[in-house]
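# Structural characterization, general
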Amino acid sequence: MPLSSLLRTSARLGPTAARRARRAASTVSGDHARSGKSLDSILIANRGEIALRVGRTAAQHGIRVTTLYTDPDSRAQHALSSPFAFNLGSVSAYLDGDRIIEIARREGCQGIHPGYGFLSENSAFARKCTEAGLVFIGPPWKAIEDMGDKSQSKHIMTAAGVPCVPGYHGQNQDPDFLEAEADKIKYPVLIKAIKGGGGKGMRIAQTKEEFQAQLQSAKSEAMNSFGDDHVLVEKYITTPRHIEVQVFADQHGNCVALGERDCSIQRRHQKILEESPAPHLPDATRKDLWAKARAAALAVGYEGAGTVEFIFDNDTGEFFFMEMNTRLQVEHPVTEMVTGQDLVYWQLKVAEGAKLPLTQDEVEAHMAARGHAIEARIYAENPNQGFIPDSGALLHVRTPVATEDTRIDAGFIEGDEVSAHYDPMIAKLIVRGDTRADAIRKLAAALEEYEVAGPITNIEFLKTICKSADFIAGEVETGYIAKHHDALFAQEAVPPELLAQVALACLHYDTRNPAGAEGPAVGFGPSYQARQMTLAESTPGVQEPAKFDVRVQQIGEHVFNIEAGGKQFEQVVSHGNTESHVVTSFFPHTRLDTTVIRDADSIMAFQRGKQYRLTTARAPWMEKALGLKDVTNSVLAPMPCKVLRVEVQAGDVVEKDQPLVVIESMKMETVIRSPQAGTIAKVVHQQGVSHVVPFSPPVCFPMVWGYGG
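### Focus on the overall build of the protein
The helix and strand tally for the protein stands at 21 helices and 39 strands. Relative to its full complement of 709 residues, the protein shows a buried share of 56%. Long-range pairs, those at least 24 residues apart, make up 63% of the contacts in the protein with a sequence separation of at least 6. By element, 51% of the accessible surface of the protein is carried by carbon and sulfur atoms, the whole surface being about 28500 Å².

Quick look at the structure:
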């Protein structure tokens, strides 16, 4: 496109943005001169579902794909997806940019797609790709550098006329100075790593008294995640929404906004539900957001896919620039559903030097006809314990049926291992409906079809959100989970019918005697012995898990009398399918099909769209044989982890909720606090020690022993 066309596009965005666009246009050389090169072979410098997703689009267009993996990922789906796959070695080797470039050149790849995370927003890596003669399938390295520095990006956006949150974005990192700046802004304030992303290196200081502790925590996590502990301090908006705009630009000066996404449902400052379009957003505000996002992209000479993130104040209706993610987003399928476009294909075409496939008017016409889309991120994590990540083997996976309006982007299948070394996201479930209400119904129905046994997941929690009245009404904000905590975490009783079918499953499938069974063996002999067992709820984080006695008496072939949860069921006809793990039972009042997965003493059951986690009681002799110790006065790590800091030493007197240990697991930092007042008797594990529990489930290990007094 001629330079004059770029100037006409930018002029509509205001004089400041136009000046920056002229400067960007004047530098269409060097790093920006990447057009005219057909991509026949690319390397995907990532893992999991995004590597598979990029590979699918590339294969559809005849592009050969080379994949990478590390030792823990040697049997992962992305490693097996291409005959051209290379082992990088150690856990952190996905960050070895020089090695990745070397492999790409050796294999004759013409470009590198970084996916998201890892090296996707590493300006030095993008620059090295260009210098090595490889097409970096992403924005110019200078745009990544400018937008990756949260402080620098604020200055650029302010100059481009994009509103920014009030705060301190300078270089002075003296803790006392930063606290003084926070005092000026007024509490609460947000402390955020300047090179942060994904909620890492981000803390909220509600008061002056907690500022220094939150500052130290943010800086520590930023250094561990990004190698840079510089932070900025901003006013924290108390009723915010997180609204982001998907932008796309080419090498010819064209830039479009492909609608916005509301990502306000979050935990740990990370998204778990995203939707488009944003609910209850005035049309004028929506168009203004798009215009400001395009101005932001043009201000840095952007190319390819990017997301401009805004914080929207529910109280005032104002919005402010937060940051620009210079890559494809995790939630990009939401935009694909409401535009009907393949954004990875757009990335490949822009990287080859082609113009954008659609104009802004054409994009908006597509969105007008496509309705509403929602994405749910399915994580191996325990909502009942602060959403801490979980790991282990996926013993059983059953997914909803994929349709034109139901899409599943997954990086794992049944039998795979969710590693403790990487992000705990298992899959993304995306649905589309003609209206928002239609999309929510479809999402709720699809979640009820999802079955995952093994690591604890957030699927049950997502189902609860879908039924939450304020979410259905579109009354969302980033503090939604905390605001609705009691309703979202309410415990439901285990139905007696479920207990009955779990007991039947154990008797149908087991070759061992269940705990407490009467008779010499499991299975029903001619004497039709009675069987009994004790089951208990087993989800970690549930206070005082309930226990249930179940008694099963066979009275005929496939016919049983059952006593479960204090309820009697007479003449229940039941059959089990060992291949599907489904027990079908005809109770006097209903028929139930329940999937039951047993792993040693752990039982995971799925009935009528809900999951239940139970355990069979261990006999006292088994507790002794396993060498299980009393850890009443110990602090336990809730997951496999690395010890980042030990905040106490033997002999220290501590108060309840005082920080004891800071751990890192699955790229997240967690503070372990004292459950009670007392004296530290012994510190078992020191800073830098890593613990990966080799058996399933990897729940806990003793970290800090002994309280006295």
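Back to the write-up after that little detour.
### Considering unusual backbone geometry
The linkage connecting Y187 with the following residue, P188, adopts the cis geometry, with an omega of 5°. The topology assignment puts P188 in the loop between α9 (175–185) and β7 (189–197). Across the junction of S276 and P277, the peptide omega takes the value 0°, indicating a cis bond. Relative to the assigned elements, P277 resides in the loop between β12 (270–276) and α11 (283–299). Residues other than glycine seldom take positive phi values, yet H269 does so here, at roughly 65°. Looking at H269, the relative accessible area reads 30%, which means it is partly exposed. Its identity is not glycine, yet Q571 carries a phi of approximately 50°, on the positive side.

### Thoughts on the layout of surface pockets
The volume enclosed by the second largest pocket comes to roughly 680 Å³. Lining of the second largest pocket is provided by 30 residues; of these, N384, E460, Q491, K610 and Q611 occupy positions nearest its centre. Its residues assigned to classes, the lining of the second largest pocket comprises eleven nonpolar, ten polar and nine charged.

### A word on the sheet that holds strand β1 (residues 41–44)
Spatially, five strands are ordered β3-β2-β1-β4-β5 in an open sheet, and the strand pairing comes out parallel. For this open sheet the edge positions go to β3 (85–89) and β5 (135–136), each flanked by a neighbour on one side alone. Relative to β3, strand β2 (residues 64–70) runs parallel, the two sharing four bridges. Of the residues in β3, the one forming a bridge with T67 is A85.

### Topic: the packing of aromatic side chains
For the structure on display, the rule yields eleven aromatic pairs. When the ring of F118 is compared with that of Y422, the centres are 6.4 Å apart and the planes differ by 80°; the resulting orientation is edge-to-face. Taken together, the positions of F118 in the loop between β4 (111–113) and α6 (123–131) and Y422 in the loop between β21 (417–418) and β22 (425–433) put the pair 304 residues apart, joining distant regions of the chain. Ring plane angle 80° and centroid distance 6.1 Å describe the contact between F125 and F136, whose orientation is recorded as edge-to-face. Of the two residues, F125 is situated in helix α6 and F136 in strand β5; the sequence distance between them amounts to eleven residues. Look at F136 and you get buried, because its relative accessible area is 1%. Grouping aromatic residues by their ring pairs yields a cluster made of Y94, F118 and Y422. The side chain of R106 reaches across the aromatic face of F86, ending 5.3 Å from its centre. Note that K610 overlies the ring of Y612, its terminal NZ or CZ placed 5.8 Å from the centroid.

### Topic: the pattern of salt bridges
Within the structure shown, the criterion is met by 46 salt bridges. Linking E460 and K463 is a salt bridge whose minimum nitrogen-to-oxygen distance equals 2.7 Å. Within this pair, E460 and its partner K463 are both found in helix α16 (residues 459–466), separated by three residues, close to a single helical turn. The pair E460 / K463 is uniform in exposure class, with both members buried. Here the salt bridges do not stand alone but share partners, grouping E244, R261, K271, E274, E309, E331 and R377 into one network.

### Quick notes on the sheet that holds strand β13 (residues 304–313)
Within a beta sheet, neighbouring strands are joined by backbone hydrogen bonds and run either parallel or antiparallel to one another. If you trace the eight strands from one edge of the open sheet to the other, you get β14-β13-β10-β11-β12-β15-β22-β20, paired in antiparallel fashion. The open sheet is flanked by β14 (319–325) and β20 (406–410), the only strands paired with a single partner. The mean inter-strand angle of the sheet, taken between neighbouring strand axes irrespective of direction, is 25°. Across five bridges, β20 lies against β22 in antiparallel orientation. Directly across from R407, in β22, lies its bridge partner I430. In the packing of helix α13 (residues 343–351) onto the sheet, the strands contacted are β10 (240–249), β11 (255–267) and β13, and the crossing angle to β10 comes to about 45°. Here helix α15 (residues 436–449) sits on the sheet and contacts β12, β15 (372–379) and β22; the angle it forms with β22, its principal contact strand, is near 140°.

### Some thoughts on α6
Regarding α6, the residues found buried are S123, F125, A126 and C129. Taken end-on, α6 shows its buried residues confined to a sector of 165°, consistent with a single buried face. Residues of α6 that are buried in the fold lie against α5 (97–106), β4, β5 and α7 (141–148). With a side-chain oxygen positioned 3.1 Å from the backbone nitrogen of A124, the residue opening α6 is N122.

Quick notes on the rules
Counting starts from 1 at the beginning of each chain's written sequence and moves along it residue by residue. Only residues with pLDDT of 70 or above have their local features reported here, since the model is predicted, and side-chain atom pairs are shown and tallied only from 80 upward, although totals for entire chains, interfaces and linings are computed over all residues. For side-chain calculations, the full set of non-hydrogen atoms in the structure is used, while hydrogens and water are omitted. Secondary structure is summarised from DSSP: a helix means a run of H or I of at least four residues, a strand means a run of E of at least two, and numbering begins at the N terminus for each. The classification of residues rests on relative accessible area computed with a 1.4 Å probe and restricted to protein chains. Under 20% of the type maximum is buried, over 50% is exposed, and intermediate values are partly exposed. Note on definitions: a residue-residue contact is assigned when non-hydrogen atoms from the two residues lie within 4.5 Å. Reported accessibility uses the Shrake-Rupley method at a 1.4 Å probe radius. Residues are deemed covered only where the shown protein chains occlude them. Of the two site types, the cavity is a set of points on a 1 Å grid over the protein atoms alone where a 1.4 Å probe fits but cannot get out, and the pocket is an open set with protein on both sides within 12 Å along at least five of seven lines, each lined by residues with an atom within 4 Å of a point. Grid points are joined across faces, edges and corners, and a volume is the space filled by probe spheres set on the points. Under the scheme applied here, ten amino acids are nonpolar (Ala, Val, Leu, Ile, Met, Phe, Trp, Tyr, Cys and Pro), four are charged (Asp, Glu, Lys and Arg), and all others, including Gly, are polar. Between any two strands, at least two bridges found by DSSP are needed for them to pair. The rule is short: rings of Phe, Tyr and Trp, with Trp giving its six-membered ring, pair when the centres are within 6.5 Å, and they are stacked under 30 degrees, edge-to-face over 60, tilted in between. Working rule: Lys NZ or Arg CZ, within 6 Å of ring centre, within 35 degrees of ring normal, means a charge sits over the ring. Only one rule defines a salt bridge in this text: a Lys or Arg side-chain nitrogen within 4 Å of an Asp or Glu carboxyl oxygen. Axis lines are fitted through C-alpha atoms, for helices just across the contact stretch, and the angle between N-to-C directions can take any value from 0 to 180 degrees. As used here, the arc is the angular range of directions from the helix axis to the C-beta atoms. Polar contact is the term for a pair of N or O atoms within 3.5 Å; when the atoms are in protein, one must be able to donate a hydrogen and the other to accept it, and sequence-neighboring residues count only if both atoms are side-chain atoms.

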